[in-house]
Amino acid sequence: EDQVTQSPEALRLQEGESSSLNCSYTVSGLRGLFWYRQDPGKGPEFLFTLYSAGEEKEKERLKATLTKKESFLHITAPKPEDSATYLCAVQLFSSGSARQLTFGSGTQLTVLP
Amino acid sequence: DGGITQSPKYLFRKEGQNVTLSCEQNLNHDAMYWYRQDPGQGLRLIYYSQIVNDFQKGDIAEGYSVSREKKESFPLTVTSAQKNPTAFYLCASSMGQGLRDTQYFGPGTRLTVL
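Residue numbers restart at each chain and count upward from 1, following the sequence in its written direction. Lettering for chains starts from A, numbering for ligands starts from 1, and both go in the order in which the items are written. The model is predicted, so local features are restricted to residues of pLDDT at least 70 and side-chain atom pairs to those at 80 or more, both for listing and for counting; the totals for chains, interfaces and linings are taken over all residues. As a rule here, side-chain values come from all non-hydrogen atoms in the structure, and water together with hydrogens is ignored.

Enquirer: I tried to follow the overall build of chain A on my own but got confused; where do I start?
Expert: Numbering of helices and strands runs from the N terminus; a helix is a DSSP stretch of H or I covering at least four residues, while a strand is a stretch of E covering at least two. Broken down by element type, chain A carries zero helices and eleven strands. For chain A, the α and β elements follow one another from N to C terminus as β-β-β-β-β-β-β-β-β-β-β. Relative to a compact globule of 113 residues, whose C-alpha radius of gyration would be 13 Å, chain A shows 14 Å and is just as compact. Residue burial in chain A is summarised as follows: out of 113 residues, 48% are buried. The long-range share in chain A, meaning contacts at least 24 apart out of those at least 6 apart in sequence, stands at 56%. Surface exposure here means Shrake-Rupley accessible area, sampled with a 1.4 Å probe, where a residue is shielded only by the protein chains that are shown. Within the structure as shown, chain A displays about 5,300 Å² of accessible surface, and the carbon and sulfur contribution to it stands at 46%. For this count, His and the chain ends are skipped, Lys and Arg are scored as positive, and Asp and Glu as negative. The atom standing in for a charge is NZ when the residue is Lys, CZ when it is Arg, CG when it is Asp and CD when it is Glu. Once the 12 positive and 14 negative side-chain charges of chain A are each reduced to a mean point, those two points are 5 Å apart. We take the radius of gyration over the C-alpha atoms and set the globule estimate at 2.2 Å times the residue count to the 0.38 power. Any residue under 20% of the maximum accessible area for its type is buried, any over 50% is exposed, and the rest in between are partly exposed; the area is computed with a 1.4 Å probe on protein chains only. Two residues qualify as a contact provided that any one of their heavy atoms is within 4.5 Å of a heavy atom in the partner residue.

Enquirer: Honestly, the state of the cysteines in this entry has me stumped. Any pointers?
Expert: Covalently bonding the sulfur atom of one cysteine to the sulfur atom of another cysteine gives a disulfide. Our working definition of a disulfide is a cysteine sulfur pair at a distance within 2.5 Å. Enumeration according to the criterion identifies two disulfides over all chains in this entry. Here A:C23 engages in a disulfide with A:C88; their sulfurs sit 1.9 Å apart. Where A:C23 bonds to A:C88 through sulfur, the torsion about that S-S bond is close to -60 degrees, and the disulfide is left-handed. Note that A:C23 is positioned in strand β3 (residues 19–26) and A:C88 in strand β9 (residues 84–92), a separation of 65 residues in sequence. Accessibility expressed as a relative area gives 0% for A:C88, which makes it buried. Between the sulfur of B:C23 and that of B:C91 lies a disulfide, 1.9 Å long from S to S. Across the S-S bond linking B:C23 and B:C91, the dihedral sits near -70 degrees, which makes this disulfide left-handed. Taken together, the residues span a long stretch of sequence, with B:C23 in strand β3 (residues 19–25) and B:C91 in strand β9 (residues 87–94) at a distance of 68 residues. You can call B:C91 buried: its relative accessible area is 0%.

Enquirer: Got a minute to help me understand the packing of aromatic side chains in this structure?
Expert: For any pair of aromatic rings, geometry is given as the distance between the ring centres together with the angle between the planes. Stacked, tilted and edge-to-face are the three classes applied to pairs of Phe, Tyr and Trp rings, where Trp contributes its six-membered ring and a pair requires centres within 6.5 Å; stacked means planes under 30 degrees apart, edge-to-face means over 60, and tilted covers the rest. Throughout the structure, instances matching the rule amount to ten aromatic pairs over all chains. Aromatic rings pair up to connect A:Y36, A:F46, A:F103, B:Y33, B:Y35, B:Y104 and B:F105 into one cluster. Directly above the aromatic system of B:F74 lies the positively charged group of B:R68, at a separation of 6.0 Å from the ring centroid. Whether a charge lies above a ring is judged from NZ of Lys or CZ of Arg, which has to be within 6 Å of the ring centre and within 35 degrees of the ring normal.

Enquirer: Where do I start with the pairing of strand β1 (residues 3–7) of chain A in this structure?
Expert: In summary, the side chains of a regular strand alternate between the two faces of the sheet. Residues and elements named next belong to chain A. Judged by which residues are buried, β1 turns out to be one-sided: V4 and Q6 face inward and are buried, whereas Q3, T5 and S7, on the alternate face, are not. Alignment of β1 against β3, held across five bridges, turns out to be antiparallel. Across the sheet, S7 pairs through a bridge with N22, a residue of β3. Following DSSP output, two strands are said to pair if at least two bridges run between them.

Enquirer: Looking at this structure, I do not really get a nonpolar patch on the surface. What am I missing?
Expert: Residue and element names in this part refer to chain B. Patch membership needs two things, relative accessible area over 30% and no salt bridge, and members are linked within 9 Å if like-charged or within 5 Å if nonpolar (Val, Leu, Ile, Met, Phe, Trp, Tyr). Counted as salt bridges are all cases of a side-chain nitrogen of Lys or Arg within 4 Å of a carboxyl oxygen of Asp or Glu. A grouping of Y10, F12 and L114 is seen on the molecular surface, where their side chains present a nonpolar patch of about 380 Å² in accessible area. Examined against the element boundaries, L114 turns out to sit in the segment after β11 (109–113). Look at L114 and you get exposed, because its relative accessible area is 61%.

Enquirer: How should the pairing of strand β5 (residues 45–50) of chain A be read in this particular structure?
Expert: Residues and elements named next belong to chain A. As paired elements, strand β4 (residues 30–38) and β5 share five bridges and run antiparallel to each other. Its bridge partner lying in β5, Y36 is registered against F46. Between β4 and β5, which pair antiparallel one after the other, the connecting turn spans six residues, and G41 there sits at a positive phi close to 75 degrees.

Have a look at this one:
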């Protein structure tokens, strides 16, 4: 069964304290791995897509990396406004033209001032 | 501004009632999706549509129905057959073609059964 597991479930950081969020997957035929940010009561906001092992993408304080079994979202010198739930999702070649996403349950990040 | 709108933001339903959630997009996207989000769980796919007048069941379609009469619109009806409808409902859309296809989400509708 295809699975996406995110860890930790919750993470509290002091402002400026860098860390990483993990998304591990056991799937066959990864087409793409997606990272989203979700604020309370709002829809997910797209951050990155990674398509092949070794690929990296950056946006401000965030950097996403991908291996054959997992992805990391590195947060460098976080600020309180980075507090949110970060969602990971995979898209498989087996979904064909449907392109549906399978989501992990998310990591709730809190950055304290 | 291009984007996805969902209405209403909050919806309250009595037992036995059907309710319809609205989703509209002006991104000229072919594909549209409905997801359900429950606390502590990942988003789960209810229905998706790749083209007008065509839609497919997702993983948890029981108790839900959809229509796709216009490219811009993909309303979701939560029927009385849905046993536990209280949840946060998210609509998404994507180009629906090409190797690299990203789904963008609307702001969500929170449904509460009274």
